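A look at the structure
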Amino acid sequence: MKAPLFLEGSVKEALSYGCNALMLYTGAPQNTRRRPVEDLHIEEAQQLMQENEMPMDRMIVHAPYIINLANSVKPEVAELAEEFLQKELERTHAIGAKYLVLHPGSYTTTNPETGIHTIVSNLNRIKSFPDGVIICLETMAGKGSEVGRTFEELEEILAGLDHPEHFGVCLDTCHISDAGYDVSDFEHVLDEFDHIIGLKQIHVVHLNDSRNPKGSHKDRHANIGMGEIGFEILHSIAENERLKDVPKILETPYISKKPPYRTEIEMIRSGKYDPQWTEQYEAS
């Protein structure tokens, strides 16, 4: 999202790729600087969504990376995160979006148990939940001191919340593979998730290949079919009946500084993979 069209420009860009869903940040993910919502071309974006039969629950907002609710070592960091998360909730509501994806956080120099307790405590201090907005805790790869590397960790967070009805989960295929889940047997992964958390809690899927093998805890995304997961598995995940109504978001890397999403989407929709598909981006 960028000037001058902001939200409207984001929708136009998504439509240019043949998307029927999109994800955006309300500002730079590395800082707290934000433009007033009055500047964001919200009505124009909503009209464009309606004209192209894209429901507003398919516009996903991602919270900025600087929000770390698991940090108990520096209370001022968690305090900033709590305050800014409240503002992001309000901006998400003002935009008309329903889902706000949030990384659970990193416990830094303590331990996972302390990190989980700190996350729960900070989430329970949210002053108000705008009507209809759901915070989706993202499954993480387990890099460094990340919390959320297992379904059990996410369930422990969700179980400790005062208002669990305002929360859900974003399932990231690269992350769960890097965390050690065998996505080649995705039905088993879904069974496990359903047993621990419940499939109805999955509101967003991040569909990404991984540059590293299962269990690497690296979190390095690859383009569709160009990583360790592979096209066939990712295509089957995209087509999985148990997640058929859940928006799928690509977070794959640019190729030669160009967005690859139109080609990736076409391959996923057709079920046909072209091993030479990246050459058109590298050559142009």
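What comes next is a walk through the structure. (Residues numbered from 1 in each chain as written. Predicted model: local features only at pLDDT ≥ 70, side-chain atom pairs only at ≥ 80, totals over all residues. Heavy atoms only, no water.)

**Some remarks on helix H5 (residues 151-159)**
- Burial in H5 covers these residues: Phe 151, Glu 153, Leu 154, Ile 157 and Leu 158. Down the axis of H5, the smallest arc covering the buried residues is 160°, so these residues share one side.
- The inward-facing, buried residues of H5 contact helix H4 (112-123), strand E4 (134-138), strand E5 (167-172), helix H6 (173-179) and helix H7 (186-196). (Buried < 20%, exposed > 50% of the residue type's maximum accessible area, 1.4 Å probe, protein only. Helix = DSSP H or I, 4+ residues; strand = E, 2+ residues; numbered from the N terminus. Arc of directions from axis to C-beta. Contact = heavy atoms within 4.5 Å.)

**A word on a negative patch on the surface**
- A cluster of acidic residues, Glu 113, Glu 152, Glu 155 and Glu 156, forms a negative patch on the protein surface.
- Looking at the negative patch element by element, the count peaks at three residues for H5.
- Positionally, Glu 152 belongs in helix H5.
- Judged by its relative accessible area of 41%, Glu 152 is partly exposed. (Patch = residues over 30% accessible without salt bridge, like charges linked within 9 Å, V, L, I, M, F, W, Y side chains within 5 Å. Areas by Shrake-Rupley, 256 points an atom, 1.4 Å probe, with all protein chains shown as cover. Salt bridge = Lys/Arg side-chain N within 4 Å of Asp/Glu carboxyl O. Lys, Arg positive; Asp, Glu negative; His and termini not counted. Charge placed at Lys NZ, Arg CZ, Asp CG, Glu CD.)

**What about the packing of aromatic side chains?**
- Going through the model one piece at a time under the given rule, you end up with eight aromatic pairs.
- Here Tyr 17 and Tyr 261 contribute two aromatic rings whose centre-to-centre distance is 5.3 Å and whose plane-to-plane angle is 70°, an arrangement assigned as edge-to-face. Separated by 244 residues along the polypeptide, Tyr 17 in the loop between helix H1 (7-16) and strand E1 (22-24) and Tyr 261 in helix H9 (residues 261-270) bring together distant segments of the chain. In terms of burial, Tyr 17 and Tyr 261 fall into one category: buried. (Phe/Tyr/Trp six-rings, centres within 6.5 Å; stacked < 30°, edge-to-face > 60°.)

**What to know about the side chain of Asn 31**
- Take Asn 31: it is sitting in the loop between E1 and helix H2 (42-51).
- Here Arg 33 takes part through its backbone nitrogen, which lies 3.0 Å from a polar atom of the side chain of Asn 31.
- Not counting chain neighbours up to four residues away, the residues in contact with Asn 31 comprise Ile 66 and Phe 84. (Polar contact = N/O pair within 3.5 Å; in protein donor to acceptor, adjacent residues only side chain to side chain.)

**A few points about empty space enclosed by the protein**
- Within the structure shown, the criterion is met by one cavity of 30 Å³ or more.
- What the largest cavity holds in volume is close to 30 Å³.
- Every residue lining the largest cavity is listed: Thr 139, Met 140, Gly 148, Arg 149, Thr 150, Phe 151, Leu 154, Ile 176, Ala 179 and Tyr 181.
- Those elements that provide at least two residues to the lining of the largest cavity are H5 and H6.
- Of the residues assigned to the lining of the largest cavity, the class counts are six nonpolar, three polar and one charged. (1 Å grid on protein atoms, 1.4 Å probe; cavity = no way out; pocket = protein on both sides within 12 Å on 5 of 7 lines; lining within 4 Å. Points joined across faces, edges and corners; volume = space filled by probe spheres on them. Nonpolar A, V, L, I, M, F, W, Y, C, P; charged D, E, K, R; others polar.)

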